[in-house]
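Notes for the structure review
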Amino acid sequence: MARKGDGLTSPTTQSTADEKEVLTPNNDAMNTTGTGWQKLSEGDERRGAASGEEMQIELNETVATTRDTAEKADAGSGGASVSAAEMVEYKVYRRRWFGLVQLTLLNVIVSWDWLTFSPVASHAARYFSTDENTINWLSTAFLFAFTAITPLVIYVLHLGPKPSIVTSAALILVGNWIRYAGCRSGEKGLFGVVMFGQILTGLAQPFVLAAPARYSDLWFTNRGRVAATALTSLANPFGAALGQLIIPFWVEGPGDVSRMVLYVSVISTVCALPAFFIPARPPTPVAPSSQTPKLSLISSAKFLLRQTEFYLLFVPFAIYVGLFNSISSLLNQILLPHGYNDEEAGVAGALLIVVGLVASAITSPLIDKYKSYLLAVRFAVPIVGLCYLVFIWMPGTRDSGGVAGPYVVMAVMGAASFSLVPVVVEFLVELTHPISPEVTSTLAWSGGQVLGGIFIVVSGALKGEGGKMERALVFHAVLALVAVPLPLCLGCFGRGEKLVLRRVRIDEVEGRRGAEA
């Protein structure tokens, strides 16, 4: 049976209304319980549990184990062909689009919730009778909430993407309406109640921000995973762009703050309610790698502690996500002291994100097709570092160049950064398979959120005369440049064999065996 692709294109039907494609059938050794892989998984568990020994999960061993198991199965049956009932039929299903759209909407709205107050920090400060640094803590607390709940997120995602998505939707609903209640309480609102609601929405974010890799692993083949992860992951900064662009037009003075929060709460409710009705998992596996038994959380942790390639990707990813969170939260405060207004700062933030989304929409299908993860990382990372360096001088070009300087740098920074996000998330999953995708993705995003919170606090402390933030921009640039060499070391020093794309290779090997059968 011929194997077909799985890009993010409009689905077509075959024999049933729900089925999109029928992929390569499973080989003799594999059945619906995954017993052909279970022996390998148990071996990995024993290695992970061995005291003081480094766990080694090599792709060659994986393929060899599968092949040996298949040969034994053939021999046991006297070489007879297996019946259709004994074969796994790999399909991708149209219903996956419903879950994908819902995960995208939740990532959009939870990020909008994050930047509800930042684009109008001065008006919000006057409304709550406080200062801008206190308003910044609404964004900072949101980010720190991610780290606080990370262990629970990994556990829930280990059960499947639907429990995680439903949990996020519930927290978004409750958190938004508590924020609105806090804004409407008293003449100037109750800032403590608003902060409590903001923390609840912050707790909602990791359940959907870390879910794309897990969802694409379960519902998509290796020809669509990068694109699916890109769509759902980059919906998060798209929500931030919407917030930065739209909220300044809703708030013309302090008296408009509570009405703006009501608008956001209504939109959040509309986006969150369908999450309770998404399907939990496909009826049958979509690819051999999607049914591979994953390592336990303890064994995964032991392996990652000794995986150099994981850190060469994790550390720069966390730094750049943290810098993005910091500059997104503080962009108004960076630009306004130089003569820009709220609308111009909002456009700069929107350019950062919208141009990035367009660039990622172009690059993700190409990376899906050619699997050029390493090339993409080596190309994008230096550009990101240079953009943070150049941006130090951009706010001061208002008098000579108008808005052109910040706009151009924001656009280039967005293109490089957003193209990088889904690549790194999927690359981490490929290099650490059969560790479950939610482990690496949650850790990577958690690192970015906690660093983002720290960077916002540090940047606020570095404000200079007149509220100018040149020293904060220097701080950003130094961190961005320090992170550049790390991913460039991938595959160097004789470690090229560590960059094998494990899931892709497993699917290819099993596809060839299925075609031969």
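The chain carries the name Major facilitator superfamily (MFS) profile domain-containing protein in an unreviewed UniProt entry, which gives Podospora bellae-mahoneyi as its organism. Of the chain, the UniProt comment under Subcellular location (unreviewed entry) reads exactly: "Membrane".

The next point concerns the overall build of the chain. The helix and strand tally for the chain stands at 21 helices and two strands. Residue burial in the chain is summarised as follows: out of 517 residues, 58% are buried. Here the analysis covers contacts within the chain between residues at least 6 apart in sequence; of these, 85% occur between residues at least 24 apart.

Once that is clear, we can look at the packing of aromatic side chains. In this description, an aromatic ring pair is defined by two values, namely the gap between the centres and the angle between the planes. Counted under the stated rule, the structure contains 15 aromatic pairs. Look at Phe 317 and Trp 445: their rings are 5.2 Å apart centre to centre, the planes differ by 80 degrees, and that puts the pair in the edge-to-face class. With Phe 317 in helix H13 (residues 308-335) and Trp 445 in helix H18 (residues 437-461), this pair connects stretches of sequence that are 128 residues apart. Take Phe 317: its relative accessible area is 6%, and that puts it in the buried class. Taking the centre distance of 5.7 Å and the plane angle of 85 degrees together, the rings of Phe 455 and Phe 475 count as edge-to-face.

The subject of this paragraph is a nonpolar patch on the surface. Together, Phe 238, Val 354, Val 358, Ile 362, Leu 366 and Tyr 370 make up a nonpolar patch on the protein surface, roughly 560 Å² of accessible area in all. At five residues, helix H14 (residues 342-370) tops the list of elements feeding residues into the nonpolar patch. Along the chain, Tyr 370 falls in helix H14. A residue is classified by how much of its surface remains accessible, and Tyr 370, at 56% relative accessible area, is exposed.

Turning to its location among the elements, Thr 442 is positioned in helix H18. Accessibility expressed as a relative area gives 0% for Thr 442, which makes it buried. If we skip the residues at most four places from it in the chain, Thr 442 touches Phe 146, Thr 150, Val 153, Ile 154, Leu 157 and Ala 210.

To continue, consider the packing of helix H3 (residues 96-114) against helix H9 (residues 211-219). H9 packs onto H3 with a crossing angle of 175 degrees between their chain directions and a minimal axis gap of 11 Å. The orientation of H3 with respect to H9, classified from their angle, is roughly antiparallel. Across the interface between the two elements, Arg 96, Gly 99, Leu 100, Leu 103 and Asn 107 from H3 touch Ala 211, Pro 212, Tyr 215 and Trp 219 from H9. Per-class residue counts for the contact of H3 with H9 are six nonpolar, two polar and one charged.

Turning our attention to helix H17 (residues 404-432). Between its first and last C-alpha, H17 extends 42 Å over 29 residues, near the 42 Å set by a 1.5 Å rise per residue. With 25 of its 29 residues buried, H17 lies for the most part within the structure.

Quick look at the pattern of salt bridges now. Following the criterion strictly, the structure yields nine salt bridges and no others. The shortest N-O distance in the salt bridge between Arg 214 and Glu 438 comes to 3.1 Å. One end of the pair, Arg 214, is in helix H9; the other, Glu 438, is in helix H18, with 224 residues separating them in the sequence. As far as the burial class goes, Arg 214 and Glu 438 line up, both buried. Arg 503 is the salt-bridge partner of Asp 217, the closest N and O atoms lying 2.9 Å from each other. Of this pair, Asp 217 sits in helix H9 while Arg 503 sits in helix H21 (residues 502-516); the two residues are 286 residues apart in sequence, bridging distant segments of the chain. The class of Asp 217 is buried, set by a relative accessible area of 0%. Using a relative accessible area of 0% as the deciding quantity, one classes Arg 503 as buried. What emerges from the salt-bridge pattern is a single network uniting Asp 217, Glu 426, Glu 430 and Arg 503.

The next thing to look at is the nonpolar core. Counting residues in each nonpolar core, the largest one holds 135 residues, and the members touching the most others are Phe 117, Met 260, Tyr 320, Phe 391 and Phe 427. Phe 427 has contacts with Leu 313, Tyr 373, Leu 374, Val 377, Leu 490, Leu 499 and Leu 501, leaving out every residue within four places of it along the chain.

Cut-offs and rules
Residues numbered from 1 in each chain as written. Predicted model: local features only at pLDDT ≥ 70, side-chain atom pairs only at ≥ 80, totals over all residues. Heavy atoms only, no water. UniProt positions renumbered as here; feature names shortened; annotations may be inferred. Helix = DSSP H or I, 4+ residues; strand = E, 2+ residues; numbered from the N terminus. Buried < 20%, exposed > 50% of the residue type's maximum accessible area, 1.4 Å probe, protein only. Contact = heavy atoms within 4.5 Å. Phe/Tyr/Trp six-rings, centres within 6.5 Å; stacked < 30°, edge-to-face > 60°. Patch = residues over 30% accessible without salt bridge, like charges linked within 9 Å, V, L, I, M, F, W, Y side chains within 5 Å. Areas by Shrake-Rupley, 256 points an atom, 1.4 Å probe, with all protein chains shown as cover. Salt bridge = Lys/Arg side-chain N within 4 Å of Asp/Glu carboxyl O. Axes fitted to C-alpha atoms, helices over the stretch in contact; angles between N-to-C directions. Parallel < 35°, antiparallel > 145°, perpendicular 65-115°, else oblique. Nonpolar A, V, L, I, M, F, W, Y, C, P; charged D, E, K, R; others polar. Expected span 1.5 Å × (residues − 1). Core = buried A, V, L, I, M, F, W, Y, C linked by side-chain atoms within 4.5 Å.

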